Amino acid sequence: MRLLVHSARQVVTITNEDVFYLSGRAMKSVEVLQNNDDGVAVAIDDDGYIAAVGSTQYVRRLWKDDDFEKIIDATGKCVLPGFVDAHTHPVWAGDRVHEFAMKLAGASYLEIHSAGGGIFFTVDSTVKCSSEELYQSLKDRLIKMLKAGTTTVECKTGYGLETKAEMKLLQVLQRAKEELPIEISLTYCGAHAVPKGKTPEEATEIIIRDQIPRLKNMMDQKLLSVENIDVFCEKGIFDTEQSRRILQAGKEIELRINFHGDELNPMKSAEMGAELNATAISHLEMVSKKGIEDMAVSGTVAVMLPTTAYLMKLKPPPVHEFIEAGVPVAIGSDFNPNVHCLAMMGTHYLSAWVPSASDRHCGEEGENCIQVYHRLLNILKYCVTKEIS
């Protein structure tokens, strides 16, 4: 056995039901185990899985102390599950500080992008870096995330665009996945933007004809363990049908669909993603009512990115409608050169307040979100050591 944490004042389990995710009103509550006698214990097996949770007395009847590689006395403390960051772009070089003045002057995201800034500026800086330089900066970011309580993070590429550069970024992420003490879900996002000198249709063909087959070959050789495919489905970048073709090609090599949709313009991304049984769609500020209904039927997760909505002054996504429809909702930091947020607690804080910017999101749902947030804050007061938090 790898680890025993015993005598904790509380253990947060999120739910006591055997379910894959929570949706609707079920997301309102947080299950907490508490034992005022000998406390609560958690036992972790050799593969890192939770083998038992219960009173310290109960767990210690199952194993002896000598059975564990490490034992933590958590008397008076709380044991929390690590945060899951559902959307990040953590591997890149350079910065985009100079664009802040453009934003203050009123330039939109797409205007900055069209002027050669945004993703293009970061791509130019990233492709000039060696794999080692990219890995060291990635490592620093992921360790900071870990210290802030994130134990699982979805990591996208997207700042290479061309085939060779995208494969390099995937290999850098693969190295981090194998070497760092944080769980990584690896996402190929070669369709993050249209490379300079190419049309969206040309870029679509290159991705389907060259990049995805190259990716499959590297996966077959066990050089990469990519789980998801992403595309930026947006006006002037990849339209809905081009996005569908890219995502379908990824699905055919057994990648899960997890993409950017309905962010700046209504693209019917949600309807298209639900039709393809997408695992998740991010942003969704401009989602339609039909898209929400379709996502509820397909079980597609809506990934909210409050940091991005706040910094880009976007209309908040219709969180209330997602919850009422029974769509599973997750939260991501969207860490990238445009959004420097490494801590999920800050992201959760914004998720409680940003929706209230729209009167459709005020009232009970906003209060529920804030209540859960403050309950988590009270729980965090007992998290004294890094190992436990």
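None of the values given here were measured: they were computed from a predicted structure.

Scoring rules and cut-offs
- Residues numbered from 1 in each chain as written.
- Predicted model: local features only at pLDDT ≥ 70, side-chain atom pairs only at ≥ 80, totals over all residues.
- Heavy atoms only, no water.
- Core = buried A, V, L, I, M, F, W, Y, C linked by side-chain atoms within 4.5 Å.
- Buried < 20%, exposed > 50% of the residue type's maximum accessible area, 1.4 Å probe, protein only.
- Contact = heavy atoms within 4.5 Å.
- Pairing = 2+ DSSP bridges.
- Helix = DSSP H or I, 4+ residues; strand = E, 2+ residues; numbered from the N terminus.
- Axes fitted to C-alpha atoms, helices over the stretch in contact; angles between N-to-C directions.
- 1 Å grid on protein atoms, 1.4 Å probe; cavity = no way out; pocket = protein on both sides within 12 Å on 5 of 7 lines; lining within 4 Å.
- Points joined across faces, edges and corners; volume = space filled by probe spheres on them.
- Nonpolar A, V, L, I, M, F, W, Y, C, P; charged D, E, K, R; others polar.

Engineer: Explanation requested: the nonpolar core in the structure shown.
Structural biologist: In summary, soluble globular proteins display a tendency toward joint burial of nonpolar side chains. Of all hydrophobic cores here, the largest spans 73 residues; its most connected members are Leu142 and Leu215. With sequence-adjacent residues up to four places away left out, leucine 142 is seen in contact with Val153, Cys155, Ala176, Leu180, Ile182 and Ile184. Counting nine residues, the second largest nonpolar core, distinct from the first, contains Val5, Val40, Ile44 and Ala74.

Engineer: Could you clarify how one ought to interpret the sheet that holds strand E11 (residues 228-231) in this entry?
Structural biologist: Strand pairing in a sheet is mediated by backbone hydrogen bonds. Such pairs are either parallel or antiparallel. Within the open sheet, the eight strands sit side by side as E8-E9-E10-E11-E12-E13-E14-E15. Their pairing is parallel. Pairing within the sheet leaves two strands with one partner each, and these edge strands are strand E8 (83-88) and strand E15 (329-331). The mean angle between the axes of side-by-side strands here comes to 25°, regardless of whether they run parallel or antiparallel. Across four bridges, E8 lies against strand E9 (residues 150-156) in parallel orientation. From the neighbouring strand, phenylalanine 83 faces E9, where its bridge partner is threonine 150. Contacts from helix H8 (residues 240-252) reach strand E10 (183-191), E11 and strand E12 (256-261), with the element oriented near 170° to E11. Against the sheet, helix H13 (residues 344-353) engages E8, E9 and E15, with an angle of about 80° to E8.

Engineer: Help me understand the side chain of glutamate 154 in this model?
Structural biologist: Mapping glutamate 154 onto the fold places it in strand E9. For glutamate 154, a relative accessible area of 5% translates into the label buried. Beyond its immediate sequence surroundings of up to four residues, glutamate 154 is in contact with Asp85, Ala86, His87, Thr88, Ser185, Thr187, Asn228 and Asn258.

Engineer: In this structure, what is going on with the layout of surface pockets? I would like to understand it.
Structural biologist: Unoccupied space between atoms shows up once a probe the size of one water molecule is rolled over them. If you add up the space inside the second largest pocket, you get close to 540 Å³. Lining of the second largest pocket is provided by 23 residues; of these, Phe100, Lys103, Leu311, Met312 and Asn338 occupy positions nearest its centre. Within the residue set of the lining of the second largest pocket, elements represented by two or more residues are helix H2 (99-104), helix H3 (109-114) and helix H11 (306-311). For the lining of the second largest pocket, the element with the most residues is H2, which contributes four residues. Partitioning the lining of the second largest pocket into residue classes produces 12 nonpolar, six polar and five charged.

So far we have only geometry, and geometry alone does not tell us how the molecule works.
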